[in-house]
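Next come the chains, spelled out residue by residue.
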Amino acid sequence: KSDAAAGEAQKQISSLETELAQSKKAAEDALTNTEAASKQLLQASKAEKEALEEDLSKARESAAELEAKIEAKEAEVKELEGRSETLQEKADGLQEELTESTK
């Protein structure tokens, strides 16, 4: 009887050891899959970050170009204002000469 009980206990131990080995394997597989998923997520995050940094860089370049255009237009306006003043002064001078000559 005790041999039969010992044999049954040995079968249960063997069965539990098999289940334990299978559980360990499943846990290892899950860990491996989690690590792989984490690596993929990190790579995706890096790629997304790089894409956003590139977009930001392009936006900065575009802003700098627009700023340069604005400065150029402001310089043109100042030049035109200067010409306008000069022309106004000449016109005033001519008007004065005309007024003097008609007296």
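Right above here is the structure, for reference.
First, a word on what this report is: a plain description of the structure on this page. Residue indices follow the written sequence of each chain, beginning from 1 at its first position. Note on the predicted model: pLDDT of at least 70 is required for a residue's local features to be given, and 80 or more for side-chain atom pairs to be given and counted; whole-chain, interface and lining totals, by contrast, use all residues. Processing note: side-chain calculations cover all non-hydrogen atoms of the structure and skip hydrogens and water entirely.

**Some points on the pattern of salt bridges**
Here is step 1 of the chain: What counts as a salt bridge is simple: a side-chain nitrogen of Lys or Arg found within 4 Å of a carboxyl oxygen of Asp or Glu. What the rule picks out here adds up to five salt bridges.
Here is step 2 of the chain: Lys49 is paired through a salt bridge with Glu53; the nearest N and O atoms lie 3.9 Å apart. Taken together, the positions of Lys49 and Glu53, both in helix 1 (residues 2-101) and four residues apart, correspond to about one turn of that helix.
Here is step 3 of the chain: Residues Arg83 and Glu79 are paired through a salt bridge, measuring 2.6 Å at the closest nitrogen-oxygen approach. Highlighted residues: Arg83 and Glu79, both in helix 1, separated by four residues, approximately one helical turn.
Here is step 4 of the chain: Judged by its relative accessible area of 43%, Glu79 is partly exposed. Secondary structure follows DSSP: runs of H or I at least 4 residues long count as helices, runs of E at least 2 residues long count as strands, and numbering of each begins at the N terminus. Note on classification: 1.4 Å probe, protein chains only; a residue is buried when its accessible area is under 20% of the maximum for its type, exposed when over 50%, partly exposed between these limits.

**Let's talk about a negative patch on the surface**
Here is step 1 of the chain: On the surface, Glu81, Glu85, Glu89, Asp92, Glu96 and Glu97 cluster together into a patch of negative charge.
Here is step 2 of the chain: For Asp92, the position within the fold is in helix 1.
Here is step 3 of the chain: Under the relative-accessibility criterion, Asp92 is labelled partly exposed at 41%. Residues with no salt bridge and a relative accessible area higher than 30% make up the patches, which join like charges within 9 Å and nonpolar side chains (Val, Leu, Ile, Met, Phe, Trp, Tyr) within 5 Å. Per-residue and other accessible areas follow the Shrake-Rupley method at a 1.4 Å probe size, with only the shown protein chains counted as cover for residues. Charge assignment: positive for Lys and Arg, negative for Asp and Glu; neither His nor the chain ends contribute. Positions of charges follow a simple convention, taking NZ of Lys, CZ of Arg, CG of Asp or CD of Glu.

**Re the environment of Lys11**
Here is step 1 of the chain: The topology assignment puts Lys11 in helix 1.
Here is step 2 of the chain: When its relative accessible area of 58% is taken as the criterion, Lys11 is described as exposed.
Here is step 3 of the chain: For the pair Lys11 and Ser45, spaced 34 residues apart in the sequence, the C-alpha separation amounts to 50 Å.

Shape descriptors only; they carry no functional weight alone.
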